[in-house]
Every structure is written in structure tokens, then in C-alpha cells.
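So you can see what is in the structure, the chains are spelled out below.
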Amino acid sequence: MTRHSGNAGERRVRRFLRAFAADPVEALLYIPEELSKKSEHPVEYRVDEDWEARLHSALGAPWPCPEAARAAELWSTVAEELHRDGLAFGRHTYGFYSDADQALTRAVWCTVVHLRPEVVVETGVARGTTSRAVLEAMERNGCGHLWSIDLPNPFERGVQRQTGAAVPESCRARWTYVEGSSRRRLPQLLRRLGRVDLFVHDSLHTARNTRFEMDRVGRALAPHGVMLVDDISTHQGFSEWARAEAPAAELICPSDDGEGLFGFVRT
Ligand SMILES: C[S@@+](CC[C@H](N)C(=O)[O-])C[C@H]1O[C@@H](n2cnc3c(N)ncnc32)[C@H](O)[C@@H]1O
């Protein structure tokens, strides 16, 4: 038992040293995130089982919505294309991170189609399911641009070459990929953009990082702007932000596989 955890500890140290050698700044920025997990606690939310109807109501769109079926089709297409290219897809397959599940993909698609945002910022790309959903929905709208901030998994270098694999060249005209952690890249991007219509958080799901991103983007969010925040139940970041900011609409949405929750807020 002791020997086993010692090995796990050694593996973590080796992974950290490799990450440090590749990018010392990003590796050092990870330390406070790791330490902050000690003060995290899971949150018991009251889940909005009818979240899709309520999300559409918050966006002023009718429900049932034919667009939800298009999003489901897109998710299956992404799964098939990645499979065809010999890549994995699903929970914990991009190192310890997961590809977006179907429910989050529907929420992203329908929010873009109904909100018609000009400026979308997301954090966390991995293979790029949510990026693809935003970009294809924007193409349908004929407007908008997506800025995606992403630090390719620093501890599992083998998956880095898969970053953005779900986003074909034909979808990239409206896309700017910004490499680096949100801690480093988000403040300067927000200063440059001035305003955000839609924000999708799907990067490092610590309370500290989620709260940092929501606080920063919250100050730049357009009136009636939307944030979609993945993986909110394992820490208190989303709930504390919502309590402090009291957004006009707040929804707690279950993933289709029942493994996680994501939040929707509209200011
Ligand atoms: C959950 S995955 C993203 C899933 C993706 N949105 C999708 O649709 O499948 C998290 C991604 O965020 C990246 N990441 C981790 N820490 C980050 C940070 N501090 N800032 C930005 N990206 C980060 C991970 O390497 C990974 O690419």
C-alpha cells in the first residue's frame, strides 16, 4: 500500500519535472492550483431536470427546439470522425480530461444559434468538440468569432498532438486559438476584446481557476450575456460566483451520462 502510493507520488513528480522542462512558467502556475484543491469541497445543487426548456426560455427561444437534434447529430459526427482517425473520444480520454458530453454540446449549439453572439471566448479546447459546435453554429448564423484559450495537457504530452482534432480546416475561418493557461492569457485577451457575448469555461476545473475566469469575464460580459461553465459540482467556484453576482438567470444542468453538472448563467 505504502509502496504503491510512493510510486504514484514519484510518477507525479516526474510528470511535473517534464512539464517544467517544457514550459517552466506554465508548470509553476499549476502549483497554486494544485494547492488550492485542499480547500475545495463538492456542492450539492438542486438540478434543473427541465434545463433545456428553461435555457431556451432564458434565451427567448421556443422549446422544443429543432436545433437540439442538429447538435446531437454534430456530436455523433465528431465521435465518428475521431474514431475514423484512430483517436479516442469520451470521459477521461484526453489525459485526465474529458471531451464535451452531448448535453453540453447541445447547450453550446443552441445558445450560439439563439443568442447570435459576435464575440465568444472559451477556455479549454482538448480535441475541440465545444469549439466545433460554436464554430458551426456561427457559420449557420453568418456572424461571430471564437477565441479559444487552451493549455494543451502539460502532464500527458502524448495527447497534445490531438488538440483541435475535431475542428476541420473548413471550420476555422472564425477561430483564433490562443495557446497558454487562462491565468496568463485571459486578462490580455479581454482587454483587447473589450466585450464578451458568450463565455464557455471548460479548462481547469478547480474552484480557484473557475472563479478567476468567471470574475474576469463577468466584468466584460455584455448585457444579457451568457456563461456556460462545465464541471461545477466538484468544487464551490460556480456557486460562490453566482451567490456574489446574482445573475438574472441561473440553471444547473446535468450531463447526459449523469457524471457531472454544468452551469448556465445569463446576466
Ligand atoms: C475538459 S478539456 C476541454 C474539453 C473541450 N472543451 C471539448 O469540447 O471536448 C480541458 C482542456 O483545458 C486545458 N487546460 C488545462 N488547464 C488549463 C488552463 N489553466 N488554461 C487553459 N486551458 C487549460 C486542457 O489541457 C484541456 O485541453
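Presented here is a report on the structure given in the accompanying data block. (Residues numbered from 1 in each chain as written. Predicted model: local features only at pLDDT ≥ 70, side-chain atom pairs only at ≥ 80, totals over all residues. Heavy atoms only, no water.)

## Concerning the packing of helix α5 (residues 102-115) against helix α6 (residues 129-141)
In a packed pair of helices, the relevant descriptors are the angle between the two axes and the axis-to-axis distance. Running from amino to carboxyl end, α5 crosses α6 at an angle of 25 degrees, the nearest separation of the two axes being 9 Å. Judged by the angle between their axes, α5 and α6 are roughly parallel. Crossing of α5 over α6 shows right-handed handedness. On α6, the residues touching L104, T105, V108, W109, V112 and V113 of α5 are T129, T130, A133, V134, E136, A137, M138, R140 and N141. Per-class residue counts for the contact of α5 with α6 are nine nonpolar, four polar and two charged. (Axes fitted to C-alpha atoms, helices over the stretch in contact; angles between N-to-C directions. Helix = DSSP H or I, 4+ residues; strand = E, 2+ residues; numbered from the N terminus. Parallel < 35°, antiparallel > 145°, perpendicular 65-115°, else oblique. Left-handed = near helix turned anticlockwise from the far one by under 90°. Contact = heavy atoms within 4.5 Å. Nonpolar A, V, L, I, M, F, W, Y, C, P; charged D, E, K, R; others polar.)

## Looking at the sheet that holds strand β1 (residues 119-123)
Read across the sheet, seven strands follow the order β3-β2-β1-β4-β5-β7-β6 without closing on themselves; strand pairing throughout is mixed. Either end of the sheet is taken by a strand with one partner, and the two such strands are β3 (175-179) and β6 (249-254). Ignoring strand direction, the axes of neighbouring strands in this sheet form an average angle of 15 degrees. Pairing between strand β4 (residues 196-201) and strand β5 (residues 221-229): five bridges, direction parallel. Within β5, the residue paired with F199 across the bridge is M227. (Pairing = 2+ DSSP bridges.)

## Some details on the pairing of strand β7 (residues 261-266)
Within β7, six of the six residues are buried, which leaves it mostly tucked inside the rest of the structure. Going residue by residue along β7, you find L261, G263 and V265 tucked away on one face and F262, F264 and R266 tucked away on the opposite face as well. By the bridge criterion, four bridges tie β5 to β7 in an arrangement that is antiparallel. Residue pairing in the sheet places L228 in a bridge with F264 of β7. Hairpin connection from β6 to β7: six residues lie between these consecutive antiparallel strands, with G258 at a positive phi of about 70 degrees. (Buried < 20%, exposed > 50% of the residue type's maximum accessible area, 1.4 Å probe, protein only.)

## Details of the site of the ligand
Inspection of the region around the ligand gives 21 residues, with A100, T130, D150, L151 and D202 positioned closest. G124 places a polar main-chain atom, nitrogen or oxygen, 3.0 Å from a nitrogen atom of the ligand. L151 is positioned with one of its backbone polar atoms (N or O) 2.5 Å from an oxygen atom of the ligand. Summarising the interface, the protein chains cover 97% of the accessible area of the ligand, which totals 600 Å² for the free molecule. (Near = heavy atom within 4 Å. Polar contact = N/O pair within 3.5 Å; in protein donor to acceptor, adjacent residues only side chain to side chain. Areas by Shrake-Rupley, 256 points an atom, 1.4 Å probe, with all protein chains shown as cover.)

## Quick notes on α6
In a regular helix each residue adds 1.5 Å, so 13 residues correspond to 18 Å; α6 covers 18 Å between its end C-alpha atoms and thus fits that length. When α6 is considered as a whole, its buried residues turn out to be T129, T130, S131, R132, A133, V134, L135, A137, M138 and N141. Residues of α6 that are buried sit in contact with α4 (67-84), α5, β1, β2 (145-150) and β3. Looking one or two residues past α6, G142 carries a phi angle of roughly 75 degrees, positive in sign. (Expected span 1.5 Å × (residues − 1).)

## Details of the packing of aromatic side chains
A complete count under the given rule lists seven aromatic pairs for this structure. Ring geometry for F96 against Y97: centres 4.7 Å apart, planes inclined by 40 degrees, an arrangement best described as tilted. Sitting over the ring of F212, R183 keeps its end group 4.0 Å from the ring centre. (Phe/Tyr/Trp six-rings, centres within 6.5 Å; stacked < 30°, edge-to-face > 60°. Lys NZ or Arg CZ within 6 Å of the ring centre and 35° of its normal.)

## Here's the deal with the layout of surface pockets
Here the second largest pocket is characterised by a volume of approximately 180 Å³. If you trace the second largest pocket, you find 14 residues lining it, with D23, L151, R157, Q160 and E179 closest to the centre. Among the secondary structure elements, those contributing two or more residues to the lining of the second largest pocket are α1 (2-22), α2 (24-36) and α7 (182-193). Class assignment of the residues belonging to the lining of the second largest pocket gives a composition of six nonpolar, two polar and six charged. (1 Å grid on protein atoms, 1.4 Å probe; cavity = no way out; pocket = protein on both sides within 12 Å on 5 of 7 lines; lining within 4 Å. Points joined across faces, edges and corners; volume = space filled by probe spheres on them.)

## Observations regarding the side chain of E67
Relative to the helices and strands, E67 is located in helix α4. Within polar-contact distance, the side chain of E67 engages the side chain of W109 at 2.9 Å.

## Details of the nonpolar core
Counting residues in each nonpolar core, the largest one holds 41 residues, and the members touching the most others are L198, L228, F262 and F264. Of all the secondary-structure elements, those providing two or more residues to this core are α3 (51-58), α4, α5, α6, β4, β5, β6 and β7. Per-element tally for this core: the top contributor is α5, with nine residues. Those residues in contact with L228 that sit more than four places away from it in its chain are A107, V108, T111, L198, F199, V200, H201, F262, G263 and F264. (Core = buried A, V, L, I, M, F, W, Y, C linked by side-chain atoms within 4.5 Å.)

## Focus: the packing of α3 against α5
At a closest axis distance of 10 Å, the pairing of α3 and α5 adopts a crossing angle of 20 degrees. Considered as vectors, α3 and α5 are oriented roughly parallel to each other. Relative to α5, the crossing made by α3 is right-handed. Here α3 contributes W51, E52, L55 and H56 to the contact with α5, which in turn contributes A103, R106, A107, C110, T111 and H114. When the residues that make up the contact of α3 with α5 are grouped by side-chain class, the tally is five nonpolar, three polar and two charged.

Any functional reading would require information that these geometric values do not contain.
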